[in-house]
Amino acid sequence: MNITANENFKFQRIIALVGILLFIIKIYAWYQTRSVAILTDALESTINVVAGLIGLYSLYLSALPKDHNHPYGHGKVEFISASIEGALISIAGVVIIYEAIGELQNPRTVQQLDLGLILVAFTAVVNYLLGYFAIKKGKKNNSLALIASGKHLQTDTYSTIGIIIGLIVLYITKISWIDSATALLFAGFIIYTGYQILRESISGIMDETDELLLKEVVGFLENERKTNWIDLHNLRIIKYGSTLHFDCHMTVPWYFNIEEGHKEVDALEDAVKNHFGNRIELFVHLDACKEYSCTICSKTDCAVRKHPFEGKIKWTIENVSANQKHNQKLIK
């Protein structure tokens, strides 16, 4: 297990353990108050516990080294984990709606509301802080599982805050149906968050293009391009958990020998890894320049040039991602 994967695993273990503790606190708060709003919050925490354990196992699997059956590693399991978590969050929202409607029809008296408010507020603070740091570490280490866990925890916090507000109103007004109405209101928010996580995980499983990441990569390469990098095309980025597989075609002068061509690949790989870290695996296919490449090649010491240099092509998402060499759209 590498250092990054080990960090993710340890943090997810903390999330799982804290989730169990907060679930116990919420169950105790519900037992003391008999509030359906607090019960719905506790029900969502059961999802936190299950999702935390699933996330923990997925990070363990994703950190396993590549093997004969998994030549690209086991990182895809993080997307599966996040999809399960997103589905569970949505299911929790549906359960909350069911419970809230039932309680709305037959409201019951809430007891020891002051104690329940204190306990639930405590869990909200802990959940938010843990979620914040999970998202921060997940983005740093490119772990969808940690990001999903962090969003889940923060969603739990927002719904808990809403429930606390509703319970305060209930405490002041003594209107019993407010308890159920509060739970019903925030169930929709919970379902929407679950849908967002599920949608993101499915896009990862289906290798959907990450436009923001691709834009960042192309912008960086445009700024770092060397004279011998005449053209870059057929760029693709595929996510496998915290690892990004980056492959492209790069055009270099046709008269370069293998060693000279390999030096250009090394220069490209060093530039990318220095900026994005070791989470990227780079695969570069070298193409030899053609006669039409002369017009976009700014190499001044070329002894075999056929045509004068007219202007370079700015690398954009559209032309770098295309599976063809550039010979149009010159920048004068």
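Here's a quick rundown of the structure.

What counts, and at which threshold
Residues numbered from 1 in each chain as written. Predicted model: local features only at pLDDT ≥ 70, side-chain atom pairs only at ≥ 80, totals over all residues. Heavy atoms only, no water. Helix = DSSP H or I, 4+ residues; strand = E, 2+ residues; numbered from the N terminus. Buried < 20%, exposed > 50% of the residue type's maximum accessible area, 1.4 Å probe, protein only. Contact = heavy atoms within 4.5 Å. Areas by Shrake-Rupley, 256 points an atom, 1.4 Å probe, with all protein chains shown as cover. 1 Å grid on protein atoms, 1.4 Å probe; cavity = no way out; pocket = protein on both sides within 12 Å on 5 of 7 lines; lining within 4 Å. Points joined across faces, edges and corners; volume = space filled by probe spheres on them. Nonpolar A, V, L, I, M, F, W, Y, C, P; charged D, E, K, R; others polar. Phe/Tyr/Trp six-rings, centres within 6.5 Å; stacked < 30°, edge-to-face > 60°. Axes fitted to C-alpha atoms, helices over the stretch in contact; angles between N-to-C directions. Parallel < 35°, antiparallel > 145°, perpendicular 65-115°, else oblique. Left-handed = near helix turned anticlockwise from the far one by under 90°.

## Regarding the overall build of the protein chain
Stage number 1. Across its full length, the protein chain carries 9 helices and 3 strands.
Stage number 2. Ordered by position from N to C terminus, the α and β elements of the protein chain give α-α-α-α-α-α-α-β-β-α-β-α.
Stage number 3. Within the protein chain, the fraction of its 332 residues that count as buried is 48%.
Stage number 4. Across the protein chain, contacts joining residues at least 24 apart in sequence account for 71% of those joining residues at least 6 apart.
Stage number 5. As presented, the protein chain carries roughly 17,000 Å² of accessible surface, and 61% of it is formed by carbon and sulfur atoms.

## Let's talk about empty space enclosed by the protein
Stage number 1. Per the stated rule, a full pass over the model turns up 2 cavities of 30 Å³ or more.
Stage number 2. Size it by volume and the second largest cavity reaches roughly 30 Å³.
Stage number 3. Contributions of two or more residues to the lining of the second largest cavity are made by α5 (144-173) and α6 (177-205).
Stage number 4. In terms of residues, the lining of the second largest cavity owes the most to one element, α6, which gives 4 residues.
Stage number 5. For the lining of the second largest cavity, the class distribution of residues is 6 nonpolar, 2 polar and no charged.

## Here's the deal with the packing of aromatic side chains
Stage number 1. Per the stated rule, a full pass over the model turns up 3 aromatic pairs.
Stage number 2. A ring pair is formed by Tyr132 and Phe133, whose centres lie 5.2 Å apart and whose planes are at 75°; its orientation type is edge-to-face.
Stage number 3. Both rings, one in Trp254 and one in Tyr255, keep their centres 5.6 Å apart while their planes meet at 85°; by these two values the pair is edge-to-face.
Stage number 4. A residue is classified by how much of its surface remains accessible, and Tyr255, at 31% relative accessible area, is partly exposed.
Stage number 5. An aromatic cluster of at least three residues, connected via ring pairs, comprises Trp254, Tyr255 and Phe256.

## Some remarks on the packing of helix α7 (residues 211-224) against helix α8 (residues 258-276)
Stage number 1. Here α7 crosses α8 at 125°, and the two axes come no closer than 11 Å. Classified by the angle their axes make, α7 and α8 are oblique. Our pair here, α7 against α8, has a crossing hand that is right-handed. Contact residues: Glu216, Val217, Phe220 and Leu221 in α7; Leu268, Ala271, Val272, His275 and Phe276 in α8.
Stage number 2. Taken together, the residues that form the contact of α7 with α8 break down as 7 nonpolar, 1 polar and 1 charged.

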